[in-house]
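Structural overview
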Amino acid sequence: DFMAERWTGRRVKPYEAEAASGKSDYKEVVTEECYGMLNGHQWVDLGLPSGVKWASCNVGASEPEQPGKLYAWGELETKTTYTEANSKTHNKQLGDISGNPQYDVATAKWGKGWRMPTEAEFKELLEYCNRYYTSYQGCWGMMLTSKINQQSIFFPSGGSIEGSKPVNSKTNGQYMTSTPGEDSLNSVCGWVFRTGNVNHMGGFYRYGGRSVRPVKD
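Let me begin by describing the structure that accompanies this report. (Residues numbered from 1 in each chain as written. Predicted model: local features only at pLDDT ≥ 70, side-chain atom pairs only at ≥ 80, totals over all residues. Heavy atoms only, no water.)

**Side note on the overall build of the protein**
For clarity, the threshold we go by: Note on conventions: DSSP H or I runs of at least 4 residues are helices, E runs of at least 2 residues are strands, and numbering of each starts at the N terminus. Here, residues are in contact when the closest pair of their heavy atoms is within 4.5 Å. Computed by Shrake-Rupley with a 1.4 Å probe, the accessible areas treat only the displayed protein chains as cover when residues are assessed.
Within the protein, the regular secondary structure consists of 3 helices and 15 strands. Here the contacts in the protein between residues at least 6 apart in sequence split such that 56% fall between residues at least 24 apart. Looking at the protein as shown, the accessible area adds up to about 10,400 Å², and 48% of this sits on carbon and sulfur atoms.

Shown next, in the form of structure tokens:
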């Protein structure tokens, strides 16, 4: 299984023999784990410069291919309707909410050590990973494979909700960061993808329901 191999694999770091040996060839390789568990949730080490580890599943999911639940930015529970009127952060002056259990659903649901990724951390992920739109376990989404250590994580399509009806839940993905938008008190930074391998960072309305992929330091 491709993903199982990725998530249970090891990053290999060969190192040279001691100078005293007079040899220039490599000794037996040293291995480092590329995966682990925190509070019952799996993380994957993509070798990113920041050292940040990414979860293999979304909040509300138990498997990588499951979209999980959709949350409004800064809120800890799902709703039947997502509107400006019932948004808890609409027009509210807030800084970055990463790791704040009052607003960060990843921290609130998964416990201490997990948090929402910042805009900068999402940009780092995209910079150091190759991305391609594909199907995994019957779900369409975006596969990201590290350019550094070749480990992979899958982001399933979950669409979004504005109002009461899910939109593009089978083909598009919309993932929130913890970083508020700079243009208004109603926006948040995030990542969107859709069919045709189209994906980019952008802005969302805070009140809409969207996916969350946690990270850990």
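**With respect to the side chain of Asn186**
Quick reminder of the rule: A 3.5 Å cut-off defines polar contacts: any pair of N or O atoms within that distance qualifies, except that in protein one atom must be a possible hydrogen donor and the other a possible acceptor, and neighbouring residues in sequence count only when both atoms are side-chain atoms.
Mapped onto the fold, Asn186 is located in the loop between β12 (173–180) and β13 (187–194). Of note is the side chain of Asn186, whose polar atom sits 3.2 Å from the backbone nitrogen of Asn91. Once residues within four sequence positions are removed from consideration, Asn186 is found in contact with His90, Asn91, Phe204, Tyr205 and Arg206.

**Points about the sheet that holds strand β7 (residues 129–136)**
The following threshold applies: Should DSSP find at least two bridges between two strands, the strands are regarded as paired. Simply put, an axis is a line fit to the C-alpha atoms, just over the touching stretch for a helix, and the angle between two N-to-C directions goes from 0 to 180 degrees.
Spatially, the 3 strands line up as an open sheet ordered β7-β8-β9, and their pairing is antiparallel. Since the sheet does not close on itself, it has two edges, and those belong to β7 and β9 (152–156), each with one partner. Ignoring strand direction, the axes of neighbouring strands in this sheet form an average angle of 30°. When β7 meets strand β8 (residues 139–146), the two strands line up antiparallel, connected through 8 bridges.

**A short note on the sheet that holds β12**
The strand order across the open sheet built from 3 strands is β12-β13-β14, with neighbouring strands paired in antiparallel fashion. One side of each edge strand has no neighbouring strand; the edge strands of this open sheet are β12 and β14 (198–205). For this sheet, the mean inter-axis angle between neighbouring strands, taken without regard to orientation, is 25°. As defined by bridge partners, β13 adjoins β14 across 8 bridges and the pair is classed as antiparallel. Bridge assignment links Gly190 to a residue of β14, and that residue is Gly202. Together, β12, β13 and β14 form the strand contacts of helix α3 (residues 119–127), whose direction differs from that of β12 by roughly 135°.

**Digging into the packing of aromatic side chains**
The geometry of an aromatic ring pair is captured by the separation of the ring centres together with the interplanar angle, meaning the angle of the planes. Going by this rule: Each pair of aromatic rings taken from Phe, Tyr and Trp, with Trp reduced to its six-membered ring, is defined by centres within 6.5 Å and is described as stacked if the planes are under 30 degrees apart, edge-to-face if over 60, and tilted in the remaining cases. Think of it in three bands: residues with accessible area under 20% of the maximum for their type are buried, residues over 50% are exposed, and the middle band is partly exposed, with areas taken using a 1.4 Å probe on protein chains only. Sitting over a ring, as applied to charges here, requires NZ of Lys or CZ of Arg to be within 6 Å of the ring centre and within 35 degrees of the ring normal.
A complete count under the given rule lists 14 aromatic pairs for this structure. A centroid spacing of 5.0 Å and a plane angle of 85° characterise the contact between Phe155 and Tyr175, whose relative ring orientation is edge-to-face. Of this pair, Phe155 sits in strand β9 while Tyr175 is found in strand β12, placing the two residues 20 residues apart along the sequence. Just as Phe155 is buried, Tyr175 falls in that class too. One cation-aromatic arrangement involves Lys53 over Trp43; the distance from NZ or CZ to the ring centre is 5.9 Å. Here the basic side chain of Arg213 rests over the ring of Phe155, its NZ or CZ set 4.3 Å away from the ring centre.

**Structural notes on unusual backbone geometry**
Phi at Asn91 is positive, roughly 65°, even though this residue is not glycine. Note that Asn91 resides in the loop between β5 (53–55) and α2 (105–110). Residue classification places Asn91 among the partly exposed positions, given a relative accessible area of 48%. A positive phi angle is found at Gln137, which is not glycine, with a value near 50°. Mapped onto the secondary structure, Gln137 falls in the loop between β7 and β8.

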